[in-house]
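Commentary on secondary and tertiary structure
Given next are the chains, with one letter for each unit.
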Amino acid sequence: MTAAAPTDADLVAAHAAGDPHAFDELVRRHRDRMWAVALRTVRDPEEAADALQDAFVSAFRAAATFRAESRVTTWLHRIVVNACLDRIRRRQARPTVPLPETNQDEPAVPGDAMAERETRMLVSEALDRLPEDQRIPIVLVDVEGYPVSEAARLLEIAEGTVKSRCARGRAKLAKLLGHLRNPVGEGDVPTHESKYGEGR
């Protein structure tokens, strides 16, 4: 009869106690999810890879300070998000490259894989245009599916701040992506039916 697999908390505790393999297992379990969070947050694969490496180094060193008051995944997410924020702050002084112009005259064809891929790229580019203080809460709440309360804990800000930043970011996304909901090709048409535009 095989023993039950250790929980994430067990692995953190074992690593802190000197187990040389425990942290590797923790990374194996959560690397893909943490990579997705990093990539959606910094919007650049190289920066995301560097941020993820920084985050795991920080987690490796800080394991002894982990408190079981939250889930290990929440703890890891907070470290990853903070590493990403550090990367974003460092690159703010660098010149930015303008986003390529996209052809908005051709509406997406339902079921067409190429059109779906183009739509995902447009959404990604729209997210990239948001200020970081709006983009990151939206990534956590709308993309990753975190409750507002947990996103607030991750970002160490008030729940009301998360809600207001998400609302402002969604309003901007509604303007940037309005043509996807109403692709008439006749200029800027109000998209009041957009869920991101409600309450404006």
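Residues numbered from 1 in each chain as written. Predicted model: local features only at pLDDT ≥ 70, side-chain atom pairs only at ≥ 80, totals over all residues. Heavy atoms only, no water.

Moving on, we get to the environment of Ala17. With respect to the helices, strands and loops of the structure, Ala17 is situated in the loop between helix H1 (8-16) and helix H2 (22-42). Put simply, Ala17 and Ala64 are 47 residues apart on the chain and 8.2 Å apart in space, counted from C-alpha to C-alpha. (Helix = DSSP H or I, 4+ residues; strand = E, 2+ residues; numbered from the N terminus.)

If you walk through the whole model with that rule in mind, you get three aromatic pairs. An angle of 85° between the planes, with centres 5.2 Å apart, marks the rings of Phe23 and Phe60 as edge-to-face. Of the two residues, Phe23 sits in helix H2 while Phe60 sits in helix H3 (residues 45-62), which places them 37 residues apart along the sequence. For Phe23, a relative accessible area of 8% translates into the label buried. Among the aromatic residues, ring-to-ring pairing joins Phe23, Phe56 and Phe60 into one connected group. (Phe/Tyr/Trp six-rings, centres within 6.5 Å; stacked < 30°, edge-to-face > 60°. Buried < 20%, exposed > 50% of the residue type's maximum accessible area, 1.4 Å probe, protein only.)

Further remarks concern the packing of helix H4 (residues 72-91) against helix H7 (residues 148-155). Look at H4 against H7: their axes get within 8 Å of each other, and the N-to-C directions meet at 55°. Here H7 runs oblique to H4, going by the angle between their axes. The element H4 and its partner H7 pack so that their crossing is right-handed. On the side of H4, the interface is formed by Thr74, His77, Arg78 and Val81, while H7 contributes Glu150, Arg153, Leu154 and Leu155. By residue class, the composition of the contact of H4 with H7 is three nonpolar, two polar and three charged. (Axes fitted to C-alpha atoms, helices over the stretch in contact; angles between N-to-C directions. Parallel < 35°, antiparallel > 145°, perpendicular 65-115°, else oblique. Left-handed = near helix turned anticlockwise from the far one by under 90°. Contact = heavy atoms within 4.5 Å. Nonpolar A, V, L, I, M, F, W, Y, C, P; charged D, E, K, R; others polar.)

The subject of this paragraph is the pattern of salt bridges. Overall, the coordinates contain eight salt bridges when judged by the stated rule. Close ionic contact of Arg29 with Glu25 constitutes a salt bridge, the shortest N to O distance being 3.1 Å. Of this pair, Arg29 and Glu25 both sit in helix H2, separated by four residues, roughly a single helical turn. Its relative accessible area of 29% is what places Arg29 among the partly exposed residues. Taking the relative accessible area as the measure of exposure, Glu25 reaches 23% and is therefore partly exposed. Where Asp142 meets Arg170, a salt bridge forms, and the shortest distance between an N and an O atom there is 2.8 Å. Of this pair, Asp142 sits in helix H6 (residues 132-143) while Arg170 sits in helix H8 (residues 159-176), and the two are 28 residues apart along the sequence. The partly exposed category is assigned to Asp142, whose relative accessible area is 32%. Residues participating in the shared-partner salt-bridge network are Asp8, Glu25, Arg28 and Arg29. (Salt bridge = Lys/Arg side-chain N within 4 Å of Asp/Glu carboxyl O.)

The next point concerns the confidence of the model for the chain. Residues of the chain with pLDDT of at least 70 account for 76%, and the chain-wide mean is 78. Throughout residues 95-111 the model reports pLDDT below 50, and contacts reaching past four residues in sequence, or to other chains, amount to 13 contacts. The model gives residues 183-200 a pLDDT under 50, and that stretch makes 21 contacts with residues more than four places away or in other chains. (pLDDT = per-residue confidence, 0-100.)

What follows covers H2. Between the first and last C-alpha of H2 there are 28 Å, a value that for 21 residues agrees with the 30 Å anticipated at 1.5 Å per step. If you check which residues of H2 are buried, you get Ala22, Phe23, Leu26, Val27, His30, Met34, Val37, Ala38, Thr41 and Val42. Just downstream of H2, Arg43 is the residue with a positive phi angle, here 65°. (Expected span 1.5 Å × (residues − 1).)

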